[in-house]
2 protein chains.
Amino acid sequence: MSKILITSGPTRQYIDPVRFLSNASSGRMGAALAAAALEFGHEVTIVSGPVDISYPAEAQVVPVVTTEEMLRESMRLFSQCDGVIGVAAPCDYRPREVAKHKIAKNGEKLTLYFEETPDVLATLGASKTSRQWVVGFALETDDARLKALRKMIVKNCDMLVLNGPSAIDARDNEVEIFLKSGDSAGVFHGTKIELGREIFSLIQKHIIC
Amino acid sequence: MSKILITSGPTRQYIDPVRFLSNASSGRMGAALAAAALEFGHEVTIVSGPVDISYPAEAQVVPVVTTEEMLRESMRLFSQCDGVIGVAAPCDYRPREVAKHKIAKNGEKLTLYFEETPDVLATLGASKTSRQWVVGFALETDDARLKALRKMIVKNCDMLVLNGPSAIDARDNEVEIFLKSGDSAGVFHGTKIELGREIFSLIQKHIIC
C-alpha cells in the first residue's frame with residue numbers, strides 16, 4: 001500500500017475582488033485517478049482547486065484556490081507520500097498587482113502585467129527523494145510530443161501523460177503516455193474513468209511494481 | 001402570464017486556447033429567480049454562461065460562453081419577451097488578441113492588453129420598448145449604493161438589485177433593492193432561493209402588476 005498525492009482541478013489568480021484568470025479543468029481526471037488508486041488499495045490525498053465534481057469519499061481532499069496555495073499544501077503533504085500524480089492545471093500567471101476594489105469600466109483599454117506563478121509539478125519533482133516518484137500531465141496545443149518529453153525531463157518526472165486542449169472539461173479524452181525511458185507506452189482513448197484505470201495500471205506496473 | 005428572459009452565470013473571455021478571464025458566478029441567483037417567476041405562472045428563458053448548477057426543467061436554457069454570445073442571444077430573445085432580469089456576471093474585458101497556441105512559460109513577464117466587452121444589460125436597456133422592462137443587478141465593492149443608482153440610470157433599468165462580492169458562488173446573500181424612483185425597497189437577507197422569491201415578488205408588484 002502506497003500513500004499517493006494527487007493534485008487536481010484548476011487554480012485561480014484574482015486580478016481584483018471579483019475577476020480571475022483560470023481554465024476549465026473540471027477535476028474529473030483527478031477523480032478518476034483517485035478512484036483507480038483506491039481500487040488498487042492505496043491511500044489517496046487530493047489537493048484540489050475549485051471544482052464542482054465529487055471526489056471519492058475514501059480520499060482526503062484539501063481544497064485550495066491559488067497556485068501558491070496548491071504548491072504550499074502539495075509540498076507539505078508530499079513529504080509524507082510515496083508518490084504524486086500532478087493532474088491539476090494550476091494557473092501559470094498571476095497579476096503583478098491585485099486591485100483592491102473591482103476594476104470599474106471607464107471606456108478605456110486595460111493593460112495588465114502578469115508574472116509566472118511557481119511551477120507546482122517542477123517543485124515537487126525537484127524535491128523528490130530516491131524512494132519517491134512523480135507522474136506529470138502536460139496539455140499542449142502545438143509541438144505536443146516534443147514539449148511533453150521536455151517537460152518530463154525538466155520537471156524530473158517518472159512518467160508523463162500528454163493530452164490536448166479538448167480534454168478540458170470533457171468526459172472523454174485521448175492521451176499518450178511516456179515512460180521515464182522516453183518511450184511511448186501508447187495512445188489511449190476512452191472516458192476519463194477508463195483512462196484513469198489505464199494510466200494507474202501503468203503507474204502500478206512501471207513505477208510502484 | 002409574461003415571457004421573461006433571465007441572463008445568468010458568468011461568461012469567459014479566452015486569452016489562449018486554455019486560459020480565460022472570468023468570475024465565480026454560479027448561476028444560483030438566476031436559477032432562484034427562474035423558479036420564482038415560474039411559480040408566478042410566467043414563461044422563462046435563461047441565457048446562461050458556463051455553470052454547474054441545474055436550472056428549473058420548465059425553463060428554456062440557451063447556453064453561451066463569451067459576453068458577445070450572451071449579448072447576441074439575449075438581444076435575439078428579448079425582442080420576443082416582456083421583460084429581462086440581468087443577473088448574469090458577464091466578463092467585462094476581453095484580450096485585444098487571442099493567442100492561437102497555449103502561451104508557453106518562458107520565465108518572462110507577460111503583458112496583456114484588454115478592451116471592454118459590450119455591456120449586455122445596457123444594450124438591452126437601450127433597446128427596450130415602452131411595454132418592456134429591465135431589472136439589473138450590480139455588484140460593487142466600494143461606493144456601492146451610489147454606483148448602483150448610477151447603473152440603474154445609465155442602463156435604463158426599472159429596478160436594480162445591489163449585492164456585494166460575498167454574493168458570488170455563495171448560497172446566502174444580502175441585497176438592497178432600488179425601485180425606479182431611486183427609493184430603496186429595503187435590504188433583504190437570506191438564501192438565494194428566499195431572495196429569488198423576495199426580488200421577484202417586488203418585480204411582480206412594482207413592474208408587472
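Structure: see above.
Residues numbered from 1 in each chain as written. Chains lettered and ligands numbered in written order. Predicted model: local features only at pLDDT ≥ 70, side-chain atom pairs only at ≥ 80, totals over all residues. Heavy atoms only, no water.

Considering the overall build of chain A
What counts, and what does not: Comment: elements are numbered from the N terminus, with helices defined as DSSP H or I runs of at least four residues and strands as E runs of at least two. Exposed residues in this analysis have more than 50% of their type's maximum accessible area, buried residues have under 20%, and partly exposed residues fall in between, with area computed by a 1.4 Å probe over protein chains only. Whether two residues are in contact is decided by their heavy atoms, any of which lying within 4.5 Å being enough.
Check the secondary structure of chain A and you find five helices and twelve strands. Burial statistics for chain A: of 209 residues in total, 54% are counted as buried. Across chain A, every contact between residues at least 6 apart in sequence was considered, and the portion connecting residues at least 24 apart equals 63%.

Overview of the interface of chain A and chain B
Cut-off, in case you're wondering: A simple way to read buried area is as the amount of 1.4 Å-probe accessible surface that goes missing from two parts once joined, with both sides added. Nitrogen and oxygen atoms within 3.5 Å of one another constitute a polar contact, given that in protein one can donate a hydrogen and the other can accept it, and given that sequence-neighbouring residues count only through two side-chain atoms. Paired strands are those between which DSSP finds at least two bridges.
Each partner contributes residues to the interface: chain A has 38 residues there, and chain B has 39 residues. Between chain A and chain B the total buried area reaches about 3,600 Å² when both faces are included, carbon and sulfur atoms providing 55% of it. Interface area lost by chain A to chain B is led by Y93(A), K105(A) and E116(A), which between them contribute 18%. If you look at where chain A meets chain B, you find 15 residue pairs in polar contact (both at pLDDT 80 or more). Those elements giving two or more residues to the side of chain A that touches chain B turn out to be β3 (19-23) and β8 (110-116) of chain A. Where β8(A) meets strand β8 (residues 110-116) of chain B, five bridges bridge the pair, whose relative direction is antiparallel. Looking at β8(B), one finds that L110(A) is bridged to F114(B).

Some words on the packing of helix α1 (residues 28-39) of chain B against helix α5 (residues 192-208) of chain B
Residue and element names in this part refer to chain B. Let me state the cut-off plainly: Angles shown run from 0 to 180 degrees and are taken between the N-to-C directions of axes, each axis being a line fitted to C-alpha atoms and, for helices, limited to the stretch in contact. Orientation labels follow simple angle bins: below 35 degrees gives roughly parallel, above 145 gives roughly antiparallel, 65 to 115 gives roughly perpendicular, and whatever is left gives oblique. Crossing handedness: left-handed means the near helix sits turned counterclockwise from the far one by under a right angle, and right-handed means the same turn made clockwise.
Contact geometry of α1 with α5 gives a least axis separation of 8 Å together with a crossing angle of 50°. With respect to their mutual orientation, α1 and α5 come out oblique. Crossing of α1 over α5 shows right-handed handedness. On the side of α1, the interface is formed by R28, M29, A32, L33, A36, A37 and E39, while α5 contributes K192, I193, L195, G196, R197, I199 and F200.

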